[in-house]
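Single-letter residue listing:
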Amino acid sequence: MSFYRDTWAEVDLDAIVYNVQQIKKLHPNKKIFAVVKANGYGHGDVEVSRVALLAGVTNLAVSGLDEALGLRKAGIEAPILVLGMTRLKDVSIAAQYNIALTAHDECWISKLVELPLETPVKVHLKIDSGMHRLGLTTKEKVKETFELLKAAPKVELEGVFTHMATADCDADYLEYQIKTFESLIEDLDLSSIKYVHIENTATLLQREFEFDHAIRLGLGLYGINPDAKFIPLEFDLKPALKLYSKITQVKRINKGDKVGYGATYTAENDEWIGVVPIGYADGWIRAHQGRNVIVEGKECEIIGRVCMDQLMIRLPHEVEMGTMVTLIGDGMPVERVADEIGTISYEILCMLSDRVPRVYKQNGKITTIRKMRFDHGDPS
Ligand SMILES: Cc1ncc(COP(=O)(O)O)c(C=O)c1O
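Calculation criteria
Residues numbered from 1 in each chain as written. Predicted model: local features only at pLDDT ≥ 70, side-chain atom pairs only at ≥ 80, totals over all residues. Heavy atoms only, no water. Pairing = 2+ DSSP bridges. Helix = DSSP H or I, 4+ residues; strand = E, 2+ residues; numbered from the N terminus. Axes fitted to C-alpha atoms, helices over the stretch in contact; angles between N-to-C directions. Parallel < 35°, antiparallel > 145°, perpendicular 65-115°, else oblique. Left-handed = near helix turned anticlockwise from the far one by under 90°. Contact = heavy atoms within 4.5 Å. Nonpolar A, V, L, I, M, F, W, Y, C, P; charged D, E, K, R; others polar. Near = heavy atom within 4 Å. Polar contact = N/O pair within 3.5 Å; in protein donor to acceptor, adjacent residues only side chain to side chain. Areas by Shrake-Rupley, 256 points an atom, 1.4 Å probe, with all protein chains shown as cover. Buried < 20%, exposed > 50% of the residue type's maximum accessible area, 1.4 Å probe, protein only. Lys, Arg positive; Asp, Glu negative; His and termini not counted. Salt bridge = Lys/Arg side-chain N within 4 Å of Asp/Glu carboxyl O. Domains from an automatic or database assignment. Buried area = accessible area lost by both parts, 1.4 Å probe. Core = buried A, V, L, I, M, F, W, Y, C linked by side-chain atoms within 4.5 Å. Expected span 1.5 Å × (residues − 1). Arc of directions from axis to C-beta. Disulfide = S-S within 2.5 Å.

Peer 1: Would you take a moment to explain the sheet that holds strand 3 (residues 59-62) for this structure?
Peer 2: Within a sheet, neighbouring strands are paired by backbone hydrogen bonds and run either parallel or antiparallel to one another. Taking strand neighbours around the barrel as the criterion, the eight strands line up as 2-3-4-5-6-7-8-9 in a closed arrangement whose pairing is parallel. Neighbour-to-neighbour, the strand axes of this sheet turn through a mean angle of 30 degrees, independent of strand direction. In this structure, strand 2 (residues 31-35) lies alongside strand 3, joined through three bridges in parallel fashion. Pairing of Val35 across the sheet is with Ala61, part of strand 3.

Set out below in structure tokens:
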């Protein structure tokens, strides 16, 4: 397969393997749920899942049932947990495809146990220990729903979990959540529960708990520390994704010339500029105006407004048409990109749209190219 516009994300599958190995060294006795929601944080859920499972990950976690079914349709048979809410009318589909669901609310749970399911459904009880997103908040409700789920003939309660809100920024609140979780579960008989899990990347990079059996590895799987200042590491992770483009036109503009929609940039000198075929429809949003990309090892500013499909950069000198541009990669880590537009690496990666082909590499060779937007069959 090929693609016909020179903008692509390169995903290093060896980096995914390396990151799994690093985390396994840190938590040798824990099962690892690879969090591959949002198309594997923009990296490609199917390819990342396959390679992570080979590297020793045991389970997958996604946000919704559609994502889980997508993985099943791609032939992935590993256990999958849906972390978000699933509509009760869709529970039978989850059961049919052996997809575990999050039991997040007492009303939802009371209706779930009444469903006339043909196949039992696996569930993980979600406890809200202080983030106040999904989950049960009081000891009474936790106990009541836990017993209800355990007694239900068509439900297999295999997990109990919670999610930490501040492991990358507030150690005191993290402690508070851990204590709250311990207190909320203290009356439960967890002996038959296969997975108690609480740790996301920021938590698992800093803490080790005796009472949980599994960790949920999201951003770390992709080689990124949620906050390197807050969580200094003694080992490295390898970022798996790089974003590249190639210059489609090089031109000389004169001092005083304007660039782009709204003519927001005025050349201060006679300048060389390049047109780069990436824009906000690819996830490279207008906030990147004024930031830099890398061309031939040098930083070049994005000048004028970012368009839907293209942007312009100021070049230090004339370069060849087709010269490579690095938007994320060596010299331009995603953490810096995120920081400079006031967001987080998660958002930059998830924003990369399905118009950007993903090129997968292993052992230095291209193994697959995935063009999600354009996979409608071969026109020939
Ligand atoms: C419930 C839950 N668990 C785990 C994760 C993974 O988090 P991280 O990417 O920080 O490891 C997420 C991601 O947002 C999540 O929502």
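Once you've had a look at it, read on.
Peer 1: Hey, could you run me through the sheet that holds strand 11 (residues 249-253) in this one?
Peer 2: On the basis of which strands lie adjacent, the open sheet formed by ten strands has the order 11-14-17-16-15-18-10-1-19-20 and mixed pairing. Both outer strands of the open sheet, strand 11 and strand 20 (365-370), are each paired with one neighbouring strand and no more. Shown here is a sheet whose adjacent strand axes are inclined to one another by a mean of 35 degrees, direction ignored.

Peer 1: Any chance you could explain the packing of helix 1 (residues 13-26) against helix 3 (residues 45-55) here in plain terms?
Peer 2: To characterise two packed helices, one gives the angle between the axes of the helices and the distance between these axes. One way to put it is that helix 1 packs onto helix 3 with a least axis distance of 9 Å and a crossing angle of 45 degrees. Judged by the angle between their axes, helix 1 and helix 3 are oblique. The two elements helix 1 and helix 3 meet at a crossing, and its hand is right-handed. Here Leu13, Ile16, Val17, Val20 and Lys24 of helix 1 come into contact with helix 3, specifically with Glu47, Val48, Val51, Ala52 and Ala55. In the contact of helix 1 with helix 3, the residues fall into eight nonpolar, no polar and two charged.

Peer 1: How should I be thinking about the site of the ligand in this particular structure?
Peer 2: Contacts to the ligand come from Val35, Lys37, Tyr41, Leu83, Arg133, His163, Asn200, Thr201, Arg216, Gly218, Leu219 and Tyr346. Between an oxygen atom of the ligand and a side-chain N or O atom of Thr201, the distance comes to 2.5 Å. Compared with its free state, where it exposes 400 Å², the ligand has 92% of that area covered by protein.

Peer 1: It is not clear to me how the side chain of Arg358 should be interpreted in this structure. Could you clarify?
Peer 2: Note on placement: Arg358 falls in strand 19 (residues 358-362). The side chain of Arg358 sits in the buried core without any salt bridge; Asp354 is the nearest counter-charge, 6.9 Å away. At 2.8 Å, the side chain of Arg358 forms a polar contact with the backbone oxygen of Gly42. Polar contacts involving the side chain of Arg358 include one to the main-chain carbonyl oxygen of Ser353, which spans 2.7 Å. Once residues within four sequence positions are removed from consideration, Arg358 is found in contact with Ala9, Asn39, Gly42, His43, Leu352, Ser353, Thr368, Ile369, Arg370 and Met372.

Peer 1: Sorry, what's going on with the pattern of salt bridges here?
Peer 2: Charged atoms that come close allow side chains of opposite charge to pair. For the structure on display, the rule yields 21 salt bridges. Among the ionic pairs, Asp90 bridges to Arg87, the shortest N-O distance being 2.8 Å. Exposure remark for Arg87: the relative accessible area of 48% places this residue in the partly exposed category. Note that Arg355 is salt-bridged to Asp309, the shortest N-O span being 2.9 Å. One end of the pair, Arg355, is in the loop between helix 11 (345-351) and strand 19; the other, Asp309, is in the loop between strand 16 (298-303) and strand 17 (311-315), and 46 residues separate them in sequence. Taking relative accessible area as the criterion, Arg355 reaches 17% and is therefore assigned buried. In this structure, a network of salt bridges that share partners links the residues Arg5, Asp282, Asp309 and Arg355.

Peer 1: For this particular structure, what's the right way to read unusual backbone geometry?
Peer 2: Of all residues except glycine, most have a negative phi; of all peptide bonds, most are trans. A positive phi angle is found at Asn39, which is not glycine, with a value near 55 degrees. Along the chain, Asn39 falls in helix 2 (residues 37-41).

Peer 1: Would you mind going over the domain arrangement of the protein chain with me for this structure?
Peer 2: Accessible area lost during the coming together of the parts is what is often quoted as the interface size. Here the domain parsing of the protein chain yields domain 1 (13-222) and domain 2 (241-374). Taking only C-alpha atoms, the centre of domain 1 and the centre of domain 2 are 36 Å apart. Taken residue by residue, the interface counts 13 residues in domain 1 and 13 residues in domain 2. For domain 1, the biggest contributors to the area lost against domain 2 are Leu13, His43 and Glu47; these three give 38% of the whole. Scanning the region where domain 1 abuts domain 2 turns up two salt bridges. The shortest N-O distance in the salt bridge between Glu47 and Arg370 comes to 3.0 Å. Seen at the junction of domain 1 and domain 2, the total is seven residue pairs in polar contact (both at pLDDT 80 or more).

Peer 1: Help me understand the nonpolar core, please; the structure alone is not making it clear to me.
Peer 2: With 112 residues, the main nonpolar core has Leu221, Trp284 and Ile313 as its most contacted residues. Counting only domains with at least three residues in this core, you end up with domain 1 (13-222) and domain 2 (241-374). The residues touching Trp284, leaving out its near neighbours within four places in the chain, are Leu243, Ile278, Gly279, Arg291, Ile302, Val306, Leu311, Leu327, Ile328, Val337 and Ile348. By size, the runner-up hydrophobic cluster in this structure holds nine residues, among which are Ile253, Val259, Ile273 and Val275.

Peer 1: Before we go on, may I ask you to explain helix 7 (residues 139-151) in this structure?
Peer 2: Helical geometry note: an α-helix holds 3.6 residues per turn, so side chains three or four residues apart project in the same direction. With 13 residues, helix 7 ought to run about 18 Å at 1.5 Å a step, and its terminal C-alpha atoms sit 18 Å apart, in line with that. Buried within helix 7 we find Val142, Thr145, Phe146 and Leu149. Summarising the axial view, the buried residues of helix 7 lie within an arc of 105 degrees, below the 170-degree limit, and thus occupy one face. Exposed positions of helix 7 whose direction lies more than 90 degrees from the buried face are Glu140, Glu144 and Ala151. Where helix 7 is buried, its residues touch strand 5 (99-103), helix 6 (106-112), strand 6 (121-126), strand 7 (155-161) and helix 8 (171-185).

Peer 1: So what exactly am I meant to see when it comes to the state of the cysteines here?
Peer 2: In protein chemistry, a disulfide is the covalent bond that joins the sulfur atoms of two cysteines. Considering all chains together, one arrives at zero disulfides under this definition. The thiol of Cys169 is not disulfide-bonded; the next cysteine sulfur, from Cys350, is found 18 Å away. In this structure Cys169 comes out as partly exposed when scored by relative accessible area, which is 48%.

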